[in-house]
Amino acid sequence: MIATPDRTPLSREFFDRPVLDVAPDLLGRILVRSTPDGPIALRLTEVEAYDGADDPGSHAYRGRTARNDVMFGPPGHVYVYFTYGMWFCMNLVCGPEGKASAVLLRAGEIIEGAELARTRRLSARNDKELAKGPARLATALNVDRSLDGTDACTSQDTPLRMLTGTPIPSDQVLNGPRTGVGGDGAVHPWRYWVSNDPTVSPYRAHVPRRRRS
């Protein structure tokens, strides 16, 4: 028998830990996106950790800016950024406050509200692809920069909430290089995913972008 996922909110203390502890522990947790048309719930199956000033792959590696301000805390808030002039991606901020770190939400299984997610992801060939990759995940949940800074650790009716769900046993969690990260940040095996889960996105190595003349 499969246990019913725990629907209690994740605590602030859960996120007020080192990012490398939080990231694998997020697998199996549930993210709920509240919309005027109804809720969409997603079970996390793939994440990546980014460790601020200690991590060349992090947006906060060179310090605090208007763009990355939310990464510096408080923990448990949502950091949303715009990338490639086309897509949004969402992260969950980790502690302690004042030291920037966050977990990128790379993929998940839509477990509630799939019909709403489909209206956002018309190109998905099946429901396993609705949130298979960080930009697809944000698109399926209708996440953009207006949600940057949202507190996800609350029982109140907010746009985004993290619930306890059903944590994944450690022997079912794999890790490896982060997708698309180049330079010194490419060496960190800080991508974590659920073994053999069909919603996990394929790994892609970093490909340098050509400069336009």
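Overview of the structure. What you see is a predicted model, and the numbers here were worked out from it, not measured in a lab. (Residues numbered from 1 in each chain as written. Predicted model: local features only at pLDDT ≥ 70, side-chain atom pairs only at ≥ 80, totals over all residues. Heavy atoms only, no water.)

## A look at the packing of aromatic side chains
In this structure the tally under the stated criterion is 3 aromatic pairs. On the basis of an interplanar angle of 40° and a centroid distance of 5.7 Å, the ring pair of Tyr79 and Tyr81 is categorised as tilted. In this structure Tyr79 comes out as buried when scored by relative accessible area, which is 1%. On the accessibility criterion, Tyr81 (12% relative accessible area) is buried. Seen in terms of ring centroids, Phe82 and Phe88 are 4.8 Å apart; in terms of plane orientation they differ by 40°. Their pairing is tilted. We classify Phe82 as partly exposed; its relative accessible area is 39%. For Phe88, a relative accessible area of 24% translates into the label partly exposed. Directly above the aromatic system of Phe14 lies the positively charged group of Arg17, at a separation of 4.6 Å from the ring centroid. (Phe/Tyr/Trp six-rings, centres within 6.5 Å; stacked < 30°, edge-to-face > 60°. Buried < 20%, exposed > 50% of the residue type's maximum accessible area, 1.4 Å probe, protein only. Lys NZ or Arg CZ within 6 Å of the ring centre and 35° of its normal.)

## Observations concerning the nonpolar core
What tends to happen in soluble globular proteins is that the nonpolar side chains get buried as a cluster. Counting 43 residues, the largest nonpolar core has Phe15, Leu26, Met90, Ile110 and Met162 as the members making the most contacts within it. Element by element, the count of residues in this core is highest for strand S3 (residues 38-50), at 5 residues. Every residue in contact with Ile110, bar those within four places of it in the chain, is listed here: Ile40, Ala41, Leu42, Ala117, Leu130, Ala131 and Leu141. Ranked by size, the runner-up nonpolar core spans 13 residues in total, among them Phe72, Val93, Leu104 and Val181. (Core = buried A, V, L, I, M, F, W, Y, C linked by side-chain atoms within 4.5 Å. Helix = DSSP H or I, 4+ residues; strand = E, 2+ residues; numbered from the N terminus. Contact = heavy atoms within 4.5 Å.)

## Here's the deal with the layout of surface pockets
Within this model, the largest pocket holds a volume of roughly 1100 Å³. If you list the elements that add at least two residues to the lining of the largest pocket, you get S3, strand S4 (78-83), strand S5 (87-93), strand S6 (102-112) and helix H4 (134-140). When grouped by side-chain class, the residues that make up the lining of the largest pocket number 15 nonpolar, 12 polar and 9 charged. (1 Å grid on protein atoms, 1.4 Å probe; cavity = no way out; pocket = protein on both sides within 12 Å on 5 of 7 lines; lining within 4 Å. Points joined across faces, edges and corners; volume = space filled by probe spheres on them. Nonpolar A, V, L, I, M, F, W, Y, C, P; charged D, E, K, R; others polar.)

## Some words on a nonpolar patch on the surface
Taken together, the side chains of Tyr84, Met86 and Trp87 make up a nonpolar region of the molecular surface, amounting to roughly 380 Å² of accessible area. Looking at the secondary structure, you find Tyr84 in the loop between S4 and S5. (Patch = residues over 30% accessible without salt bridge, like charges linked within 9 Å, V, L, I, M, F, W, Y side chains within 5 Å. Areas by Shrake-Rupley, 256 points an atom, 1.4 Å probe, with all protein chains shown as cover. Salt bridge = Lys/Arg side-chain N within 4 Å of Asp/Glu carboxyl O.)

## Considerations on unusual backbone geometry
Pro74 follows Gly73 through a cis peptide bond whose omega is 5°. In this fold, Pro74 is placed in the loop between S3 and S4. Following Gly95, the chain continues to Pro96 via a peptide bond in cis, the omega torsion being 0°. Phi angles above zero are rare outside glycine, and Tyr84 is one such case at about 55°.

## Remarks on the pattern of salt bridges
Two side chains bearing opposite charge may form a pair once their charged atoms approach each other closely. Across all of its chains, the model carries 16 salt bridges by this definition. Here Arg12 makes a salt bridge to Asp151, at a shortest N to O gap of 2.8 Å. Of the two residues, Arg12 is situated in helix H1 (residues 12-15) and Asp151 in the loop between H4 and strand S7 (160-165); the sequence distance between them amounts to 139 residues. Ionic pairing is found between Asp69 and Arg64, a salt bridge with its closest N-O pair at 2.7 Å. Exposure remark for Arg64: the relative accessible area of 51% places this residue in the exposed category. Salt bridges linked by common partners bring Glu46, Glu48, Arg106 and Arg191 together as one network.

## Topic: the side chain of Thr158
With respect to the element layout, Thr158 can be found in the loop between H4 and S7. At 3.2 Å, the side chain of Thr158 and the backbone oxygen of Leu160 are in polar contact. Sequence-distant contacts of Thr158, defined by excluding residues within four places in its chain, comprise Ser34 and Asp151. (Polar contact = N/O pair within 3.5 Å; in protein donor to acceptor, adjacent residues only side chain to side chain.)

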